[in-house]
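Letter by letter, the chains look like this.
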Amino acid sequence: MKNPIRLALLAAFAAQPLVASAFTPEDYMAWFNANQSAQPQFVDGDVITYDKADLIRPFTPAEYQDIQIFEGMEVKIKDAGDISPPDVYKKATEQFAGTATIASDGALENYTAGRPFDPATFKPGAEDGWKMAWNWNFRWQLAGLSVGEVHWVWVRAGGEHSGHEVMSEAGGKYKPFYTGGGSFERVLTGPYRRVMFSHRSDLPETNYKVNNGEGFAKGTEFREYTGFTSPFDIAGTAFLILRYDDPRKSDDSWAYIPSLRRVRRISVEVKSDSLLGTDHTLEDFYCFNGRPLEHDWEYVGTARTLAVARSRNANAVFYGPNGWAMLDDWALRTVDVVKQIPKRSNHPYSLKFLHIDRETGECYHSNAFDKAGKLWKIWQLSKLWSEDPHAQEQVTNWKAKVTPPGTRFSIFQSINVMDVQNNRGTLVPTRGIAAPATDLDEVKKLLDVNYLTEGR
Amino acid sequence: MKSTLRALSLGASVLSAAVLVAPSAEARILIDALGGEVKLEGYLSSEARANVGNGEAYLNQWIQRFELNAEVNYEDVGIFDTLSFVTVVRPEFDAAYYYGDSIGHGTARNAGGTSYMGDTFTYDNAPREFGGFDIYQNVRFGNANFGGGNNNAIGDENRATGNHFNTVGRPLNMTGGLSKIVTNGFQNPSWLTNNFETILNRAPGQGKYSPTNANLGGFSGAAVTSQMELNCIRCYDLDDDPLDVAMNNTGSSGRLYPFRELYADATVGDWWFRVGKQQIVWGKTDFFRMQDLVNPVDFGQHFFFDSFEDFRIPQWIASAQWKFGNIGPTTDNAIQFLWNFDEFQRVGLGNPSQGWAHPFSKDISVFAMYNTFFAVEPCVSSAVELERSQKAAALGLPGGAFINDNVCGSRGPNDPRSPAGFGSPAGLRIDDRPDWELGNTEGGLRWEFRLGELHIAASYYYGWNDTPVFQYENINVMNTGLGGFQPLGANTAANLGLGQVDCTVSDLTGGIISGHPFAGFGGALDPNGVCPQASLGFPIQVMNPTAAIGQIAANGSQDAAVDSLTGEVSTISDFAQRAIAAKDATLFYRASTNALTGGHVKMSYKQSHTPGLSFDYFEPWSGIVFRVESSWTFDELVNNTRKADWVDKSDIMKWSVGLDRPTFIPWLNKDRTFFLSMQLFDTWFMDYEGDKHSGYLTDEHNFITTFFYIGNYMRDKLKPVGFVVWEEASNSFVFGQNLEWFIDNHWSIKGGLHMIWGGNENFRQDAGPYHSFAVPSTGGPSGFGGTYPFQELPLGVARSGIGALSNNDEVFFQLKYQF
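Residues numbered from 1 in each chain as written. Chains lettered and ligands numbered in written order. Predicted model: local features only at pLDDT ≥ 70, side-chain atom pairs only at ≥ 80, totals over all residues. Heavy atoms only, no water.

S.K.: Whenever I open this one, the overall build of chain B confuses me. Can you help?
M.R.: Within chain B, the secondary structure is distributed over 15 helices and 32 strands. Looking at chain B residue by residue over its 819 residues, the buried ones come to 61%. Within chain B, contacts between residues separated by at least 24 positions form 69% of all contacts whose residues are at least 6 apart in sequence. Summing over all exposed atoms, chain B offers an accessible surface of approximately 28,400 Å²; the carbon and sulfur share of this is 60%. (Helix = DSSP H or I, 4+ residues; strand = E, 2+ residues; numbered from the N terminus. Buried < 20%, exposed > 50% of the residue type's maximum accessible area, 1.4 Å probe, protein only. Contact = heavy atoms within 4.5 Å. Areas by Shrake-Rupley, 256 points an atom, 1.4 Å probe, with all protein chains shown as cover.)

S.K.: Quick question: what am I supposed to make of the packing of aromatic side chains here?
M.R.: Residues and elements named next belong to chain B. Across all of its chains, the model carries 88 aromatic pairs over all chains by this definition. Between the aromatic rings of Phe 219 and Tyr 770, the centroid separation amounts to 6.2 Å while the plane-to-plane angle is 45°, which identifies the pairing as tilted. Of this pair, Phe 219 sits in the loop between strand 7 (196-199) and strand 8 (221-224) while Tyr 770 sits in the loop between strand 30 (765-766) and strand 31 (790-791), placing them 551 residues apart in sequence. Side by side, Phe 219 and Tyr 770 carry an identical accessibility label, which is buried. (Phe/Tyr/Trp six-rings, centres within 6.5 Å; stacked < 30°, edge-to-face > 60°.)

S.K.: Just to check I follow, could you spell out the interface of chain A and chain B for this structure?
M.R.: Where the parts come together, the accessible area they lose is often given as the size of the interface. Contacts between chain A and chain B engage 63 residues on the former and 72 residues on the latter. Roughly 5,400 Å² is buried in total at the junction of chain A and chain B, and carbon and sulfur atoms are behind 43% of that figure. Where chain A packs against chain B, one counts 12 salt bridges. In this structure, the connection of chain A to chain B is made through 31 residue pairs in polar contact (both at pLDDT 80 or more). Among the secondary structure elements, those contributing two or more residues to the side of chain A that touches chain B are strand 5 (146-156), strand 6 (183-196), strand 8 (238-244), strand 9 (252-257), strand 10 (262-266), strand 19 (424-434) and helix 7 (440-447) of chain A. In terms of residue count, strand 10 of chain A provides more of the side of chain A that touches chain B than any other element does, four residues in total. Here the side of chain A that touches chain B is composed, by residue class, of 20 nonpolar, 17 polar and 26 charged. (Buried area = accessible area lost by both parts, 1.4 Å probe. Salt bridge = Lys/Arg side-chain N within 4 Å of Asp/Glu carboxyl O. Polar contact = N/O pair within 3.5 Å; in protein donor to acceptor, adjacent residues only side chain to side chain. Nonpolar A, V, L, I, M, F, W, Y, C, P; charged D, E, K, R; others polar.)

S.K.: Explain unusual backbone geometry to me, please; I cannot follow it from the model alone.
M.R.: Most peptide bonds are trans, and most residues other than glycine sit at a negative phi. Pro231(A) follows Ser230(A) through a cis peptide bond whose omega is 0°. Take Pro231(A): it is sitting in the loop between strand 7 (220-227) and strand 8. For the peptide bond that leads from Leu793(B) to Pro794(B), omega is 0°, which places it in the cis range. Along the chain, Pro794(B) turns up in the loop between strand 31 and strand 32 (810-818).

S.K.: Where do I start with the pairing of strand 3 (residues 58-77) of chain B in this structure?
M.R.: One face of the sheet, then the other: side chains in a regular strand alternate in exactly this way. Residues and elements named next belong to chain B. By the criterion of burial, strand 3 is predominantly enclosed, with 14 of the 20 residues buried. Alignment of strand 2 (residues 36-51) against strand 3, held across 15 bridges, turns out to be antiparallel. Across the sheet, Lys 39 pairs through a bridge with Glu 71, a residue of strand 3. Once strand 2 ends, the chain turns through six residues before running back antiparallel as strand 3, passing Gly 55 with a positive phi of about 90°. Two strands pair when backbone bridges link them, and strand 3 and strand 5 (residues 92-94) are joined in this way by three bridges, in the antiparallel orientation. The residue bridging Gln 64 from the neighbouring strand is Phe 93, located in strand 5. Summarising the sheet, strand 3 and strand 4 (residues 80-89) pair through nine bridges and their orientation is antiparallel. From the neighbouring strand, Val 72 faces strand 4, where its bridge partner is Phe 85. (Pairing = 2+ DSSP bridges.)

S.K.: What is the right way to read the side chain of Ser677(B) from this model?
M.R.: Within the fold, Ser677(B) resides in strand 25 (residues 669-685). Looking at Ser677(B), the relative accessible area reads 1%, which means it is buried. Looking at Ser677(B), its side chain comes within polar contact range of the side chain of Arg627(B), at 3.3 Å. With residues up to four places along the chain from it excluded, the contact list for Ser677(B) reads Arg264(A), Asp286(B), Arg627(B), Leu659(B), Asp660(B), Thr706(B), Phe707(B) and Phe708(B).

S.K.: It is not clear to me how the environment of Ala357(B) should be interpreted in this structure. Could you clarify?
M.R.: Residues and elements named next belong to chain B. Turning to its location among the elements, Ala 357 is positioned in the loop between strand 12 (330-340) and helix 9 (359-374). For Ala 357, a relative accessible area of 0% translates into the label buried. Considered as a pair, Ala 357 and Met 117 are 240 residues apart in the sequence and their alpha carbons are 9.6 Å apart. Aside from chain neighbours lying at most four places away, what touches Ala 357 is Tyr 116, Gly 300, Leu 349, Asn 351 and Pro 352.

S.K.: How do you make sense of the sheet that holds strand 6 (residues 118-120) of chain B when you look at a structure like this?
M.R.: Backbone hydrogen bonds hold the strands of a sheet together, and the pairing may be parallel or antiparallel. All names here are of chain B. Strand order across the open sheet formed by three strands is 6-7-8, with antiparallel pairing between neighbours. At either margin of the open sheet sits one strand with a lone partner, and together these are strand 6 and strand 8. For this sheet, the mean angle separating the axes of adjacent strands, direction not counted, is 50°. Looking at chain direction, strand 6 and strand 7 are connected through three bridges and run antiparallel. In the sheet register, Gly 118 faces strand 7, and the bridge partner there is Ile 199. On top of the sheet, helix 9 reaches strand 7 and strand 8; it is set at about 95° to strand 8, its chief contact. (Axes fitted to C-alpha atoms, helices over the stretch in contact; angles between N-to-C directions.)

S.K.: Would you explain the state of the cysteines in this entry?
M.R.: Covalently bonding the sulfur atom of one cysteine to the sulfur atom of another cysteine gives a disulfide. Residues and elements named next belong to chain A. If you walk through the whole model with that rule in mind, you get four disulfides over all chains. Bridging Cys 287 to Cys 363, the disulfide has an S-S length of 2.0 Å. Classification of the bridge connecting Cys 287 and Cys 363 rests on its S-S torsion, roughly -55°, and on that basis the disulfide is left-handed. Of the two residues, Cys 287 sits in the loop between strand 10 and strand 11 (295-307) while Cys 363 sits in strand 16 (residues 363-370), which places them 76 residues apart along the sequence. Classification of Cys 287 by relative accessible area gives buried; the value is 0%. Each disulfide of chain B joins two cysteines, and with those cysteines numbered along the sequence the arrangement is 1-2, 3-4, 5-6. (Disulfide = S-S within 2.5 Å.)

S.K.: When you look at the sheet that holds strand 16 (residues 469-478) of chain B in this model, what are you seeing that I'm missing?
M.R.: Residues and elements named next belong to chain B. Reading across from one edge, 13-21-16-18-17 is the order of the five strands in this open sheet, with mixed pairing throughout. Among the strands making up the open sheet, the edge pair consists of strand 13 (427-431) and strand 17 (500-507). Across this sheet, the average inter-strand angle for adjacent strands is 30°, counted without regard to direction. The sheet contact formed by strand 16 and strand 18 (residues 536-543) spans four bridges and is antiparallel. Its bridge partner lying in strand 18, Ile 475 is registered against Met 543. Along the sheet, helix 9 makes contact with strand 13, strand 16 and strand 21 (596-604), crossing strand 13 at roughly 105°. Along the sheet, helix 13 (residues 545-555) makes contact with strand 16 and strand 18, crossing strand 16 at roughly 35°.

S.K.: Looking at this model, I keep getting lost on the pattern of salt bridges. Mind explaining?
M.R.: Two side chains carrying opposite charge are able to pair once their charged atoms lie near each other. A complete count under the given rule lists 73 salt bridges over all chains for this structure. Taking the shortest distance from any N to any O, the salt bridge between Glu568(B) and Arg578(B) comes out at 2.6 Å. Within this pair, whereas Glu568(B) is found in the loop between strand 19 (560-562) and strand 20 (569-571), its partner Arg578(B) is found in helix 14 (residues 572-582), the two being separated by 10 residues in sequence. The exposure class assigned to Glu568(B) is partly exposed, which follows from its relative accessible area of 34%. Salt bridges here are not isolated pairs; linked through shared partners, they connect Arg156(A), Glu185(A), Asp279(A), Asp419(A), Arg424(A), Arg715(B) and Lys717(B).

S.K.: Could you clarify how one ought to interpret helix 9 of chain B in this entry?
M.R.: Turn by turn, an α-helix covers 3.6 residues, leaving residues three or four places apart pointing in a common direction. Spanning 16 residues, helix 9 of chain B covers 21 Å between terminal C-alpha atoms, matching the ideal 22 Å at 1.5 Å per step. Burial within helix 9 of chain B is extensive, with 16 of its 16 residues counted as buried. (Expected span 1.5 Å × (residues − 1).)

S.K.: Would you mind showing me how to read the packing of helix 13 of chain B against helix 14 of chain B here?
M.R.: The packing of two helices is summarised by the inter-axis angle and the distance between the axes. Residues and elements named next belong to chain B. Following both chains from N to C, one finds helix 13 and helix 14 inclined at 125°, their axes separated by 7 Å at the closest point. When the axes of helix 13 and helix 14 are compared, the pair comes out oblique. The two elements helix 13 and helix 14 cross, and the hand of that crossing is left-handed. Within the contact between the two elements, helix 13 uses Ile 549, Gly 550, Ile 552 and Ala 553 and helix 14 uses Ile 572, Ser 573, Ala 576, Gln 577 and Ile 580. The class makeup of the residues in the contact of helix 13 with helix 14 is six nonpolar, three polar and no charged. (Parallel < 35°, antiparallel > 145°, perpendicular 65-115°, else oblique. Left-handed = near helix turned anticlockwise from the far one by under 90°.)

S.K.: Any chance you could explain the nonpolar core here in plain terms?
M.R.: A general tendency of soluble globular proteins is for nonpolar side chains to be buried together. Residues Leu178(B) and Phe373(B) are the most contacted members of the largest nonpolar core, which totals 104 residues. The element best represented in this core is helix 9 of chain B, accounting for nine residues. Those residues within four positions of Leu178(B) in sequence are excluded, and the remaining contacts are Phe121(B), Glu129(B), Phe130(B), Trp191(B), Leu192(B), Phe196(B), Ala222(B), Met369(B), Phe373(B), Phe374(B) and Ala420(B). With 60 residues, the next largest nonpolar core counts Tyr192(A), Val338(A), Phe412(A) and Val428(A) among its residues. (Core = buried A, V, L, I, M, F, W, Y, C linked by side-chain atoms within 4.5 Å.)

Purely geometric stuff here, so don't read any function into it on its own.
Quick look at the structure:
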């Protein structure tokens, strides 16, 4: 009778709000301050199970502990090794060190390529907050991320999902990735592509810009396409965002609406709005995908946290009582923590904390608080190392584009958000992922506004 | 409403059963086949719509629909970088329409139901269509006192008994009017109520479709409610099989079977080609079409309440787009060339028997019915002809012998004559659509680009105007021997050379069977023997409208005529001269009660050049996206009732300004914005002429304001959508609200309501040559009791704009399974 009782207790636990009482930014800072200099009591290769969970609490953000720690957990400790960016990025960082500056409004000026600022010199406060934000913005991405298939899985705490169609689709090929509990409400599918056009460390010969900054690349930091192919009611919907190189210039955004068969210019207010009902906004992708100048920034300090920085799986594998914990290797990483404070009074968040890897510049964890100052959402991201052999499965099994050898890119594997106030989340595993080289002709076709009308 | 609830539960059962027995479907089916990757997706839906705005609730439409989108994609095929073949098939079936006699309102299959515009067809509310010239001998509709004092008694008795026949139970005329088909024994009385309804006889201040207004007289119309085949050359929707109508396979909807869309897509470098049956969508405005004029639309299925994608009519088009990047200060340049090589398709107005048929569809039905039943020569049954001949012989009148040729069918199996006929041109003769030939195909181009903050599209299109005009081919000018009916002057013999000779027959039997007040006057009316032997008829000359007014003005007839608007009395020739001098044919037509007996009309079209320009702009401080769109059509055909034939040309500018803003309203939804959108739209007739009741059918400017919102709850699984539309010129409104729940990836349900009101302030227009068809009033100027010149029929519905569809308020419910 033990197991049924245990399951019942787990179910009751799962049905409760993930954080029993209101979790505030002060609570987060209390964990941060208490554990900034904590030393790990585990070693490489250890598998942390429920009875040893206390070992990882200092290195797991307080708000994420209820998700990471549960009976049946398996957190394997594995050092990520050298996952630093390639030499071209390091070279550009070195070459242009000290040239970038922050204007009075927070805009980045005199920046060319590489990491703009050295985080080792940062001190808590707004000034270095801006520097951290721009370091994040111009982390190493080569030409940008390409995803053949994004799944947006709407999960609700409790229950199970064995009967959901995604478990049997295509002969059950997704089943191994969605283990554990949690009920699935809806699954959206679609491709994604981002292309960076400027500040490209890999293009010194063309002034660090695609096509020397002429033509399609002119004045552009990046273009980003997010599409949806199913279910039928949203099939064909696509968003195109154009981020200008001028940090003070607002994005331009368009959406293709299938029922209108027309491209519609959309307001950038949409970026801070839920994306098609998921718990993400367009601004939340990657941890933060918005314009730095639309927010205020404060550098908080460094922490050491566990993260899936170098996944042992080609694709994200979920488990746990609610199906949103990650079954993978967890590396202890040094992260810079920065606080993001939206400037707009009608922004749904009051603030976010972002954990940004000191070495790679990638983000593995963030959280957001609502206007009342209560914890609302938690993001956990996983990365696949481009140089690992199993990364090739993206090409062989998922028809990904080819990531050139030596790219040394922490490829975006998944971003998973948990809405703790509503006991639900959205898993966003990606498949067919790559950081391909720029084929300008191909990119022009995909990321041209006029391409959207070709959609069906 | 019981039938509605039964229909809904039946629909849910059928749909559920279909899904249960169907193989389990994934969200999108991908198969490796045909050498490529085949994608299949689509949906099954059942939607019931109940009319609740007409005083009673009934199931108006219950549409079962299946849509399959299939495409197969290839890469690197020959010169093509990508090559795709796409098709959309969408069969549907309106069960409420097809089985209307048991579950719907019965506007099909002779079930006798009336539409939102109609009343049951009776002598009271459509006396001319029902009883032809009976109204002129029946004082019930006039204060004339013809042929003796007992007509007042006849009228009194008829009002008391509800019987429009005379004291011996016979109609006053044995031919003319649909009821004569019954009185001659060829149909039962139920045939009238099962196949026709009376529409468009609204009295001011009395709401919709009331019986003849006693003070102002009404121009009633009888529209066909069933699928009776009507005689109108090339007219859409007048000969559809009930099953075709139920399946939305009508002329109005376009040829949607077997493929709704079928095209090939290909890319070669910066070129994108699409050839096949497709929709081309230009422009940036919701609800209105300025640049979006490549494909016609079908407003007859559900007005504009469905997505444009659902009622835009796909056509065979070849399109090529070249993306050429940056030029000078412009970026994201693309130019699209297209050639619409399909046969011309006009705007769809619906089969007249359908639940949401547009009022102009009813107009077409009315006037096609006129051409079918009233334009043909009259005839009678054998028994009636025998009775006539015996009475004529007894009275010693000419034509006493049995005239076999008077008998219906005596001219063979294809004898087109009918007891309803008047024997002179009347109604809609032809929908004069352009035939398919190379010179009638359409083409255009669009250049899109970004310039600074603006995203701009300039377009040009040369093609046929989708919306036809009603044009008079000829009018019937009286040429009788009786003073008062001699607009061309008293020399009837000389007038025979003016236009085509014909006769408007009041009664083929000469009026002698019922003791008609005019019995025996046939010879006086027809001194030249133009009309059928022994008949009572009005000789006419069938003339071009402009020529007719000119001739009447020149011939100097002294016939008294009354301007039915002002009451002024003068001669008919004087009114004709005034019309010519003022270049305003209404000055003649509203005095033409005794001068004309209608005429033939046709639906006319013209090709026009239409350049357009649009742009959108995002304003970051306010977060608003501004959309501006405009088009200018040169020399578009328009209806102008001040012209003799009702047709004119005008440059038309259309423009709109739209504002979009996703807006957080935290107290309503802290998680998600509301999408708010507002638009102002105007149609500006640059060559406008007219006033509130004559000339063009709308005001010089027709402003329409729209507002709509989209909300999202429960992670976008619950979507409320609402909109309001206000049309300023007609002061009419539309309100819509629906709520859709996406239960999971497959199932969704949606329910809501649409309401239309207003348009009562002005719904009248000059009736032109049909002025004489208006039912005489009891008051007003003299003559046949006077007839008010401005009527709802035939073109007054344009004045009430959107409000013409009021009383079709509905609630609806949809169940959908998508895969």
